[in-house]
Amino acid sequence: MLAYFCKYVPEELFQAFGTDITCLEPHVTNFTQADALMHPNMCSFSKAVLEEFEKQDYEGMIFTTCCDSSRRLYDILRDQFPDRFFFCLDLPRKINDFAVTLYTRQLQKLIDAYADFSGKTFSEQKLLEICKKRMTEQKTTSMADPSTASQTGGLRIALAGARPGSEIRQLITDHQAEVVLDLTCTGIQRSYDLNSEQILPAYAHALLDQLPCMRMASASNRQRILEAYEKRIDGIIYHTVKFCDIYAYEYTKLHETSNLPILKIETDATAQCAGQILTRLEAFLESLRAQKGETMLFKNKRQPSGNKNFPQQAANNRSNNKTADANHATEASASAPVYVMGIDSGSTSTNAVILNQNRELIASAVIRTGAKSGESAQRILEEILQKANLQRSDLTKIVSTGYGRVSIPFADENVTEISCHGKGAHYLNPQIRTILDIGGQDSKAIHLNEKGDVTDFVMNDKCAAGTGRFLEMMARTLEVDISELGSLSLKSTENIEISSMCSVFAESEVISLIAQNKETSDIAHGIHMAIAAKAISLMRRVGLEPGYMMTGGVAKNPGVVKVLEEQLKAPLYISEEPEIVGALGAALYGLESVL
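Residues numbered from 1 in each chain as written. Predicted model: local features only at pLDDT ≥ 70, side-chain atom pairs only at ≥ 80, totals over all residues. Heavy atoms only, no water.

**Considering the overall build of the chain**
Turning to step 1, where the next piece is worked out: A count of helical and extended segments in the chain gives 21 helices and 19 strands.
Turning to step 2, where the next piece is worked out: Residues counted as buried form 54% of the 595 residues belonging to the chain.
Turning to step 3, where the next piece is worked out: Long-range contacts, defined here as pairs at least 24 residues apart, represent 69% of the contacts in the chain between residues at least 6 apart.
Turning to step 4, where the next piece is worked out: With an accessible surface of roughly 26,000 Å², the chain has 48% of that area assigned to carbon and sulfur atoms. (Helix = DSSP H or I, 4+ residues; strand = E, 2+ residues; numbered from the N terminus. Buried < 20%, exposed > 50% of the residue type's maximum accessible area, 1.4 Å probe, protein only. Contact = heavy atoms within 4.5 Å. Areas by Shrake-Rupley, 256 points an atom, 1.4 Å probe, with all protein chains shown as cover.)

**Thoughts on the side chain of serine 287**
Turning to step 1, where the next piece is worked out: With respect to the helices and strands, serine 287 occurs in helix 11 (residues 274-292).
Turning to step 2, where the next piece is worked out: For serine 287, a relative accessible area of 7% puts it in the buried group.
Turning to step 3, where the next piece is worked out: A distance of 2.6 Å separates the side chain of serine 287 from the backbone oxygen of phenylalanine 284, its partner in a polar contact. (Polar contact = N/O pair within 3.5 Å; in protein donor to acceptor, adjacent residues only side chain to side chain.)

**Things to note about the state of the cysteines**
Turning to step 1, where the next piece is worked out: Here the structure, examined in full by the defined rule, presents 0 disulfides.
Turning to step 2, where the next piece is worked out: Of all cysteine sulfurs in the structure, the one in cysteine 185 sits closest to cysteine 23, which takes part in no disulfide; the separation is 8.8 Å.
Turning to step 3, where the next piece is worked out: Judged by its relative accessible area of 29%, cysteine 23 is partly exposed.
Turning to step 4, where the next piece is worked out: Between cysteine 67, a cysteine without a disulfide, and cysteine 66, which holds the nearest cysteine sulfur, the sulfur-to-sulfur distance is 4.2 Å.
Turning to step 5, where the next piece is worked out: We classify cysteine 67 as partly exposed; its relative accessible area is 29%. (Disulfide = S-S within 2.5 Å.)

**A short note on the pattern of salt bridges**
Turning to step 1, where the next piece is worked out: In total, this model carries 24 salt bridges according to the counting rule given.
Turning to step 2, where the next piece is worked out: A salt bridge links glutamate 11 to arginine 134, with the shortest nitrogen-to-oxygen separation between them at 3.5 Å. Here glutamate 11 is found in helix 1 (residues 11-17), whereas its partner arginine 134 is found in helix 6 (residues 124-137), with 123 residues between them in sequence.
Turning to step 3, where the next piece is worked out: The exposure class of glutamate 11 is buried, given its relative accessible area of 9%.
Turning to step 4, where the next piece is worked out: A salt bridge links lysine 264 to glutamate 266, with the nearest nitrogen and oxygen atoms 3.9 Å apart. (Salt bridge = Lys/Arg side-chain N within 4 Å of Asp/Glu carboxyl O.)

**Observations regarding the sheet that holds strand 7 (residues 235-241)**
Turning to step 1, where the next piece is worked out: Spatially, 6-5-7-8 is the arrangement adopted by the 4 strands of the open sheet, whose pairing is parallel. The strands lining the two open edges of the sheet, one partner per strand, are strand 6 (177-184) and strand 8 (262-267). With direction set aside, neighbouring strand axes in the sheet form an average angle of 25°.
Turning to step 2, where the next piece is worked out: With 6 bridges connecting them, strand 7 and strand 8 associate as parallel partners. Of the residues in strand 8, the one forming a bridge with threonine 240 is glutamate 266.
Turning to step 3, where the next piece is worked out: The strands touched by helix 7 (residues 165-174) are strand 5 (155-161), strand 6 and strand 7; relative to strand 6, the strand with the most contacts, the crossing angle is about 155°. (Pairing = 2+ DSSP bridges. Axes fitted to C-alpha atoms, helices over the stretch in contact; angles between N-to-C directions.)

**Re the packing of aromatic side chains**
Turning to step 1, where the next piece is worked out: Enumeration over the complete set of coordinates arrives at 15 aromatic pairs.
Turning to step 2, where the next piece is worked out: Relative to phenylalanine 63, the ring of phenylalanine 5 has its centre 5.8 Å away and its plane inclined at 85°; by these criteria the two rings are edge-to-face. With a gap of 58 residues between them, phenylalanine 5 in the loop between strand 1 (2-4) and helix 1 and phenylalanine 63 in strand 3 (residues 60-64) connect regions that are remote in the sequence. Pair check on accessibility: phenylalanine 5 and phenylalanine 63 agree, each one buried.
Turning to step 3, where the next piece is worked out: Between the aromatic rings of phenylalanine 14 and phenylalanine 17, the centroid separation amounts to 6.4 Å while the plane-to-plane angle is 35°, which identifies the pairing as tilted. Of the two residues, phenylalanine 14 and phenylalanine 17 both sit in helix 1, 3 residues apart, roughly one turn of that helix.
Turning to step 4, where the next piece is worked out: Residue phenylalanine 14 is classed as buried on the basis of its relative accessible area of 0%. (Phe/Tyr/Trp six-rings, centres within 6.5 Å; stacked < 30°, edge-to-face > 60°.)

**Regarding the pairing of strand 18 (residues 548-551)**
Turning to step 1, where the next piece is worked out: Because side chains alternate across strand 18, one face comprises the buried residues Tyr548 and Met550, and the other comprises Met549 and Thr551, equally buried.
Turning to step 2, where the next piece is worked out: Sheet topology places strand 15 (residues 434-438) next to strand 18; 4 bridges connect them, and they run parallel. Across the sheet, aspartate 437 pairs through a bridge with threonine 551, a residue of strand 18.
Turning to step 3, where the next piece is worked out: Bridge analysis of strand 18 against strand 19 (residues 572-573) gives 2 bridges, and the strand direction is parallel. Looking at the pairing, tyrosine 548 lines up with leucine 572 of strand 19.
Turning to step 4, where the next piece is worked out: The parallel pair strand 18 and strand 19, bridged by helix 20 (residues 558-568), forms a crossover whose chirality is right-handed. (Right-handed = clockwise from strand over helix to strand, strands pointing away.)

**A word on the pairing of strand 5**
Turning to step 1, where the next piece is worked out: With respect to burial, strand 5 is a largely interior element, 7 of its 7 residues being buried.
Turning to step 2, where the next piece is worked out: The side-chain alternation of strand 5 yields two buried faces, one formed by Leu155, Ile157, Leu159 and Gly161 and the other by Arg156, Ala158 and Ala160.
Turning to step 3, where the next piece is worked out: Bridge count between strand 5 and strand 6: 7 bridges; the pairing is parallel. What sits directly across from glycine 161, in strand 6, is threonine 184.
Turning to step 4, where the next piece is worked out: Taking the sense of rotation as the criterion, the β-α-β connection linking strand 5, helix 7 and strand 6 turns out right-handed.
Turning to step 5, where the next piece is worked out: Here strand 5 runs beside strand 7; their pairing, made up of 5 bridges, is parallel. Considered in strand 7, the bridge of leucine 159 is made with isoleucine 237.

**Digging into the nonpolar core**
Turning to step 1, where the next piece is worked out: Ranked by internal contacts, the top residues of the largest apolar core, which has 86 residues, are Leu13, Met61, Ile62, Phe63, Leu77, Tyr103 and Leu107.
Turning to step 2, where the next piece is worked out: Here tyrosine 103 is in contact with Tyr8, Thr64, Leu89, Asp90, Leu91, Pro92, Ala204, Leu207 and Leu208, once residues within four sequence places are set aside.
Turning to step 3, where the next piece is worked out: If you look at the next biggest cluster of nonpolar residues, it comprises 37 residues, including Ala506, Ala532, Ala555 and Leu564. (Core = buried A, V, L, I, M, F, W, Y, C linked by side-chain atoms within 4.5 Å.)

**So, the environment of glutamate 592**
Turning to step 1, where the next piece is worked out: Checked against the element boundaries, glutamate 592 lands in helix 21 (residues 581-594).
Turning to step 2, where the next piece is worked out: Sequence-wise, glutamate 592 and arginine 359 are 233 residues apart; in three dimensions their C-alpha atoms are separated by 9.6 Å.
Turning to step 3, where the next piece is worked out: If we ignore the near neighbours within four places in the chain, the residues touching glutamate 592 are Arg359 and Lys423.

**A few points about the environment of threonine 279**
Turning to step 1, where the next piece is worked out: The residue threonine 279 is located in helix 11 in this model.
Turning to step 2, where the next piece is worked out: Excluding its chain neighbours within four sequence positions, the residues that come into contact with threonine 279 are Tyr403, Arg405, Thr416, Glu417 and Met459.

**Some remarks on the sheet that holds strand 1**
Hydrogen bonds between backbone groups are what pair the strands of a sheet, and the pairing can be parallel or antiparallel.
Turning to step 1, where the next piece is worked out: Taken together, the 4 strands give an open sheet; going across it, the order is 2-1-3-4, and neighbouring strands pair in parallel fashion. Of all the strands in the sheet, the pair left with one neighbour each is strand 2 (21-23) and strand 4 (85-89). In this sheet, neighbouring strand axes are inclined to one another by 20° on average, regardless of whether the strands run parallel or antiparallel.
Turning to step 2, where the next piece is worked out: Where strand 1 and strand 2 come together, 3 bridges link them in parallel fashion. Note that in strand 2 the partner of tyrosine 4 across the bridge is cysteine 23.
Turning to step 3, where the next piece is worked out: Relative to strand 4, helix 5 (residues 97-118) is tilted by about 175°, and along the sheet it contacts strand 1, strand 3 and strand 4.

Given below as structure tokens:
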């Protein structure tokens, strides 16, 4: 089997040879081989492809001159695997008669080279048959015609950018949304308008005459296509790969000029990105649904837990939940008590809230998240029920949020923490427009409109810089308790700058400052200044609209709060218990679904 990753590669040509060919989607966890063979700043997708090729028994790979990373990868693989078939097609940048002639010559060279390598025979007639079959299988509507956009209802999405992979497409489908426009560099859209007299030139034209990728001279058409679709799509999901600058430029342009909501997902082509992709994608779709007035709750799949007691507990809970769901309307109409629980399963803390039908807070709890999020969820369920003097059967619905939201066996439905923080913040203070949430492993900036709907959000990447984990590491280095770090920094008398936000490099800086006999309070203040700078940079990306609120465990740190307020030149609204804002929002969503 051959592999490729560019939509301008002639896959039908190899099928005419009788050879299988597949679009490569790498799934790797590290770049062990790639880091030894490629430059550190090389495109992470190219590195992932090299790692994937090492693992699989591919006959070879077909490239195009789509970018410098692709060319470099071609050189490396050809050198590492001299007995396999590699061919790099010189891809024209324009689509005209001369370009078609040039690409036809490239295809003929490819045919000759592969025939020599494989001993197989190419048949133009077979190519024609394959293309005609493809043409009949295609939808009768053209994706380049706005009048033929999906009329099935629900969310309609434009997918753009570089190499999003089938996982992102599947997540969109799983969340009841549809990709009605695909502008990605792997979105194959060929007309197959072939004739029996000029088969190869017609096929070359079909390859080139697709929706242009960013490499093509007609790339400006991409924005015009989006503008034509503007009234028929609800939002744009834009995927980029780290170090793929050309697509980053396009995203920036779209973000500035398009009237459509747009989500940017940047990955490094490794499996570790999956969690944040899911959270960002779900939060974006939730915000689109909120704007359309549609439901945002997703049923939990109740994934199995390591706790041996959970299967029976989950079975009992499912039975209780079915009974409760069947009686929601009856209970509400009869003014029977309604209690809804929201649970926020985070990396550092697990938080829970119970509301009644009057949107009154009955009880709340915060505990430390242990080694297993499911076990922490079970503990907080027992604790909050005891605080509220309720039984499990008294709860009408349980809605989960946070990174562990799908791993809570007794939760009925889940919502992302982005939407929940927005909902909880608006409940506590309707004047809030910009939220900064700094949790244990990530930071988020969220913008709300006057209705409390999320209109924009950004999250930090996989790095823990500027999060609760970062502060814990710095506190250990300074040999102070994390709870004392904030009040200690308020005693600072000297401004010290921590230049690096990388946890490892920042720790080295702190150790150096300790060696210089700097005051602990001054170092702590410098750490908080660095966190504030990173946080405000995040907030600027959604717009620094007054009406600021800080949520998450770091909001309890008075040193961070003071520095942030000084730099914002405005007060931060902080609730009595900032860690329960997400759980509060989850409970509110649950309450809205049953009343």
